[in-house]
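What the coordinates show
Chain by chain, the residues:
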Amino acid sequence: MAVAVVLLTITLVLVVALLAAAGAGKLARMDGASYPAALTRAATAFATVITLAATMTAALAALST
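Let us look at the structure shown here. Fair warning: this is a prediction, and the values are worked out from it, not measured in the lab.

Regarding its fold elements, the protein presents 2 helices and 0 strands. Relative to its length of 65 residues, the protein is extended, with a C-alpha radius of gyration of 15 Å against a globular reference of 11 Å. Principal-axis analysis of the C-alpha atoms places the extent of the protein at approximately 50 × 20 × 15 Å. Across the 65 residues that make up the protein, the buried fraction comes to 12%.

Here it is in structure tokens:
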């Protein structure tokens, strides 16, 4: 049961990160940015969401001990 919850949580975080990256890339293109600049902004948004999830996991793990 615990493994299923972990896998579903990982999947949810990845989906949210991909959606954030797609949104950032689309907004960058609408703003007139070049494709490399839009890709950079999308990659930054993806990495930010993953980093936030890792930070929250570490904080929750520290609280539970």
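Tracing the backbone through its elements, the reader meets Ala-59 in helix α2 (residues 35-64). Between the alpha carbons of Ala-59 and Arg-41 there is a distance of 27 Å; along the sequence they are 18 residues apart.

Here helix α1 (residues 2-30) spans 42 Å end to end across 29 residues, near enough to the 42 Å set by a 1.5 Å rise per residue. Within α1, burial applies to Ala-17, Ala-21, Gly-25 and Ala-28. Residues of α1 that are buried make contact with α2. Where α1 ends, the next residue or the one after it, Gly-32, has phi of about 100°, a positive value.

On to the packing of α1 against α2, then. As a packed pair, α1 and α2 sit with axes 8 Å apart at the nearest point and diverge in direction by 150°. By the angle class used here, α1 and α2 are roughly antiparallel. Between α1 and α2 lies a crossing of right-handed hand. Here Val-13, Leu-14, Val-16, Ala-17, Leu-18, Ala-20, Ala-21, Ala-24, Gly-25, Ala-28 and Arg-29 of α1 lie close against α2, whose contacting residues are Tyr-35, Ala-38, Arg-41, Ala-42, Ala-45, Phe-46, Val-49, Ile-50 and Ala-53. A per-class count over the contact of α1 with α2 returns 17 nonpolar, 1 polar and 2 charged.

The rules we used
Residues numbered from 1 in each chain as written. Predicted model: local features only at pLDDT ≥ 70, side-chain atom pairs only at ≥ 80, totals over all residues. Heavy atoms only, no water. Helix = DSSP H or I, 4+ residues; strand = E, 2+ residues; numbered from the N terminus. Rg over C-alpha atoms; globule rule 2.2 N^0.38 Å. Buried < 20%, exposed > 50% of the residue type's maximum accessible area, 1.4 Å probe, protein only. Expected span 1.5 Å × (residues − 1). Contact = heavy atoms within 4.5 Å. Axes fitted to C-alpha atoms, helices over the stretch in contact; angles between N-to-C directions. Parallel < 35°, antiparallel > 145°, perpendicular 65-115°, else oblique. Left-handed = near helix turned anticlockwise from the far one by under 90°. Nonpolar A, V, L, I, M, F, W, Y, C, P; charged D, E, K, R; others polar.

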